[in-house]
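# Architecture at a glance
Listed here are the chains, written in short residue letters.
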Amino acid sequence: MHTPAPAATPHDPLRRAVVTGAAGFIGSHLCQTLLGLGVSVVGVDRRDPDQHQGAAVNLAAIRHEPDFIFVTGDLRTCAIEPLLPDADAVFHLAGIPGVHPSWGADFDDYVASNISATQRLMHAATRLRVPRLVVASSSSVYGATDGNPSAETDHPRPASPYAVTKLAEEQLCLAHAARPDCDTTVVALRYFTVYGPRQREDMFIQRLLTAAVTGQKVSIYGDGNQRRDFTYIDDAVSATIAAATTCLPSSIINVGGGTNASLNDILHHAQEVTGQTIRVHIASPRSGDVPATCANPSVARRLLGWNPNTDLHAGIGAQAEWLLTRRGASTIAV
Ligand code: NAD
Ligand code: UGA
């Protein structure tokens, strides 16, 4: 049995990190950036890149890096403690994302992967005295707001089963961290709609750009006036690393720039960067789809010194370029 090591302080430079959800959109970018900074990374994900094409695509750039160990494991059931020795930080990004499917038959997986698996991870991380755990929470915990930017102190009103599980997940991590004998500090990051290369295929910008390349129609649920505080992946990753390397007590921090854009605005940008007219199908609004998100970013600025620096047009251009390269297409002018 492993004997827990003395706790390091979270503001020591990272030497070794564990990333859960490493084969996912945000997790794979995070692993890549950490490796570029000279950090040894253990990535864990239940999607095996030998079996799952999306995971293989996400991990293609790093899978054979000498300082990267990828472990296929499901956090609901796998042995977690062997992944953690000597970790300076755990980045917990594994989970079932997506608002709409959480109303359906997959709900049990949301609960098991977002809550029960997190309980298992927290138990292991606190027992091994991992100094810092950064957990991926979500802007969705705020629910339908009054239109003002959401501050971390606002009363959460999750509007979907997914959002309820994300609120439970972050609060569960913070509850562990608040125990008197706990040496692990937790930073819960409430990410606001992250986009960029390798964005999940169910997400709006990825679907729009795919429609631009294929000529197929994209559905817009509602009138397209919903607004999101879209956050470029590199900015999300820099906030995530700062959350592990900054000396802080346990905290909740918004990761969003404080401005938002409507889906119709995004359609306009996507048409401009691709030079294509995108065919749109107007569909019924979906339950749990809030009218607007917008972060109050002042805590991220104050505690992490974080300022996003990718504007929407450039970010959508980078995502389009990636999609084009991946498909080997040359039909759109980016
Ligand atoms: P993603 O689906 O691309 O990545 C999540 C990864 O977690 C997947 O590779 C999946 O296989 C893995 N996973 C799920 N359940 C697991 C389990 N039980 N054991 C091991 N691995 C498991 O999603 P993403 O967009 O990269 O999101 C990452 C995290 O950030 C999620 O927790 C999500 O809720 C949160 N988040 C994402 C956004 C966004 O805009 N993408 C915004 C807010 C919060
Ligand atoms: C995104 C992620 O998908 C969630 O995992 C995450 O938790 C959340 O951000 C967050 O910020 O916390 P969402 O903002 O709904 O959720 O992002 P998209 O899935 O890209 O959807 C954005 C908007 O486009 C929504 O109004 C959605 O209904 C709409 N949409 C999406 C369409 O109109 N058509 C589509 O094909 C897809």
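Residues numbered from 1 in each chain as written. Chains lettered and ligands numbered in written order. Predicted model: local features only at pLDDT ≥ 70, side-chain atom pairs only at ≥ 80, totals over all residues. Heavy atoms only, no water.

## Examining the sheet that holds strand β5 (residues 132–138)
- Spatial strand order, β3-β2-β1-β4-β5-β6-β11: seven strands in an open sheet with parallel pairing. Both edges of this open sheet fall to β3 (68–72) and β11 (251–255), since each of them pairs with a single strand only. Strand-to-strand twist across the sheet, computed as the mean angle between neighbouring axes with direction ignored, equals 20°.
- Across the sheet, helix α4 (residues 161–177) touches β4 (89–92), β5, β6 (185–191) and β11, and the angle it forms with β5 is around 160°. (Pairing = 2+ DSSP bridges. Helix = DSSP H or I, 4+ residues; strand = E, 2+ residues; numbered from the N terminus. Axes fitted to C-alpha atoms, helices over the stretch in contact; angles between N-to-C directions. Contact = heavy atoms within 4.5 Å.)

## Details of the pattern of salt bridges
- Tallied over the entire structure, the rule returns 13 salt bridges.
- The partner of Glu81 in a salt bridge is Arg127, and the shortest N-O contact between them spans 2.8 Å. Placement of the pair is Glu81 in the loop between β3 and β4 and Arg127 in helix α3 (residues 107–127), with a sequence separation of 46 residues.
- Here Arg127 falls in the partly exposed class, since its relative accessible area comes to 31%.
- Measuring nitrogen to oxygen at the nearest pair gives 3.8 Å for the salt bridge that ties Glu201 to Arg326. Here Glu201 is found in the loop between β7 (194–195) and α5 (204–214), whereas its partner Arg326 is found in helix α9 (residues 312–327), with 125 residues between them in sequence.
- For Glu201, a relative accessible area of 56% translates into the label exposed. (Salt bridge = Lys/Arg side-chain N within 4 Å of Asp/Glu carboxyl O. Buried < 20%, exposed > 50% of the residue type's maximum accessible area, 1.4 Å probe, protein only.)

## Focus on the site of ligand 2
- Neighbouring ligand 2 are 21 residues; Ser138, Ser139, Tyr162, Ser219 and Asp289 lie closest to it.
- Arg200 is positioned such that a nitrogen or oxygen atom in its side chain is 2.8 Å from an oxygen atom of ligand 2.
- Those elements that provide at least two residues to the shell around ligand 2 are α5 and β8 (218–221).
- Residue contributions to the shell around ligand 2 peak at three residues, all from β8.
- Of the residues that constitute the shell around ligand 2, the class distribution is nine nonpolar, seven polar and five charged. (Near = heavy atom within 4 Å. Polar contact = N/O pair within 3.5 Å; in protein donor to acceptor, adjacent residues only side chain to side chain. Nonpolar A, V, L, I, M, F, W, Y, C, P; charged D, E, K, R; others polar.)

## Concerning α3
- With 21 residues, α3 extends 29 Å from end C-alpha to end C-alpha; this agrees with the ideal 30 Å at 1.5 Å per step.
- A bend of about 30° at Thr118 is the largest found in α3.
- Within the span of α3, buried status applies to Tyr110, Ser113, Asn114, Ala117, Thr118, Leu121, Met122, Ala124, Ala125 and Thr126.
- For α3, the elements touching its buried residues are β1 (16–20), β4, β5, α4 and β6.
- Positive phi shows up at Arg129, right after α3, with a value of about 55°. (Expected span 1.5 Å × (residues − 1). Bend = angle between axes of the 7 residues up to and from the residue.)

## Considerations on the nonpolar core
- One finds Leu34, Phe91 and Tyr191 to be the most contacted residues of the largest nonpolar core, which totals 64 residues.
- Broken down by element, this core gets its largest block of residues, eight residues, from helix α6 (residues 233–245).
- If near-sequence neighbours (up to four positions away) are discounted, Leu34 is found in contact with Leu14, Ala17, Val19, Val39, Val41, Phe91 and Ile241.
- Membership of the second largest hydrophobic core comes to 25 residues, among which are Leu84, Met122, Ala125 and Leu174. (Core = buried A, V, L, I, M, F, W, Y, C linked by side-chain atoms within 4.5 Å.)

## Some words on the environment of Arg15
- Secondary-structure assignment places Arg15 in the segment before β1.
- Under the relative-accessibility criterion, Arg15 is labelled exposed at 52%.
- Considered as a pair, Arg15 and Ser40 are 25 residues apart in the sequence and their alpha carbons are 6.1 Å apart.
- Apart from the residues within four sequence positions on either side, Arg15 is in contact with Val39, Ser40 and Asp88.

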